[in-house]
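# Structure at a glance
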Amino acid sequence: MPAIMNHKIGRLLAIRLGPGEDLLRGILESCQKYDFQNAALLSGIGSLKEVRIFNECLMSTTGEEIVYGYDQEPRAWGGRQGVMELCSVKGTVYTSPNGKSTHDLHVAFSNSAGTVLGGRLAEGSLVNLTAEIVIGELL
């Protein structure tokens, strides 16, 4: 069932993260610095030397109930596996009325063989050369 929201895009923020910067922290800190209370990631490309993601998986089954969720620890790529191409970063960042920020950001990346992987972005995903991100403020 589709959801219709009355948001409009306000300001646009283009950021470039450099070597060794954490992708998730860079996005969240930029939203905070420029006071983007609610934001949507519109575009994201670059290269990563380390990638940390969560993948949704089967958590438990009891009777006919099947529960899915995210593992406690993120999966990791990088290091000796080589540099990954950041193909996409998408998702949202919201700040609740009490000032707490929440996010749901997902990445797609490829290895040197061109295999594309993806999942929910975790801290520890480090930029190799650059990551160029465009963020739209939701009004």
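As a reminder, the structure under discussion sits directly above these lines.
Nothing here was measured: the structure is a model prediction, and the numbers come from that model.

What counts, and at which threshold
- Residues numbered from 1 in each chain as written.
- Predicted model: local features only at pLDDT ≥ 70, side-chain atom pairs only at ≥ 80, totals over all residues.
- Heavy atoms only, no water.
- Salt bridge = Lys/Arg side-chain N within 4 Å of Asp/Glu carboxyl O.
- Buried < 20%, exposed > 50% of the residue type's maximum accessible area, 1.4 Å probe, protein only.
- Helix = DSSP H or I, 4+ residues; strand = E, 2+ residues; numbered from the N terminus.
- Contact = heavy atoms within 4.5 Å.

### Digging into the pattern of salt bridges
Per the counting criterion, the structure on display carries six salt bridges. Here Arg-25 and Asp-22 are joined by a salt bridge, their closest N and O atoms 3.4 Å apart. Residue Asp-22 is classed as buried on the basis of its relative accessible area of 6%. The salt bridge partner of Glu-50 is Arg-52, with a shortest N-O separation of 3.3 Å.

### Some thoughts on the side chain of Ser-110
Assignment of secondary structure puts Ser-110 in strand β7 (residues 101-110). Its relative accessible area of 11% is what places Ser-110 among the buried residues. Setting aside residues up to four positions removed in sequence, Ser-110 forms contacts with Val-83, Met-84, Glu-85, Cys-87, Thr-115 and Val-116.

### Points about unusual backbone geometry
Despite not being glycine, Asp-35 has its phi angle at roughly 55°, a positive value. The residue Asp-35 is located in the loop between α1 (23-33) and β2 (38-54) in this model. Accessibility expressed as a relative area gives 45% for Asp-35, which makes it partly exposed.

### As for the environment of Ala-39
Structurally, Ala-39 is set in strand β2. When its relative accessible area of 0% is taken as the criterion, Ala-39 is described as buried. Considered as a pair, Ala-39 and Gly-136 are 97 residues apart in the sequence and their alpha carbons are 5.5 Å apart. Once residues lying within four places of it in the same chain are set aside, the contact partners of Ala-39 are Cys-31, Gly-91, Thr-92, Val-93, Ile-135, Gly-136 and Leu-138.

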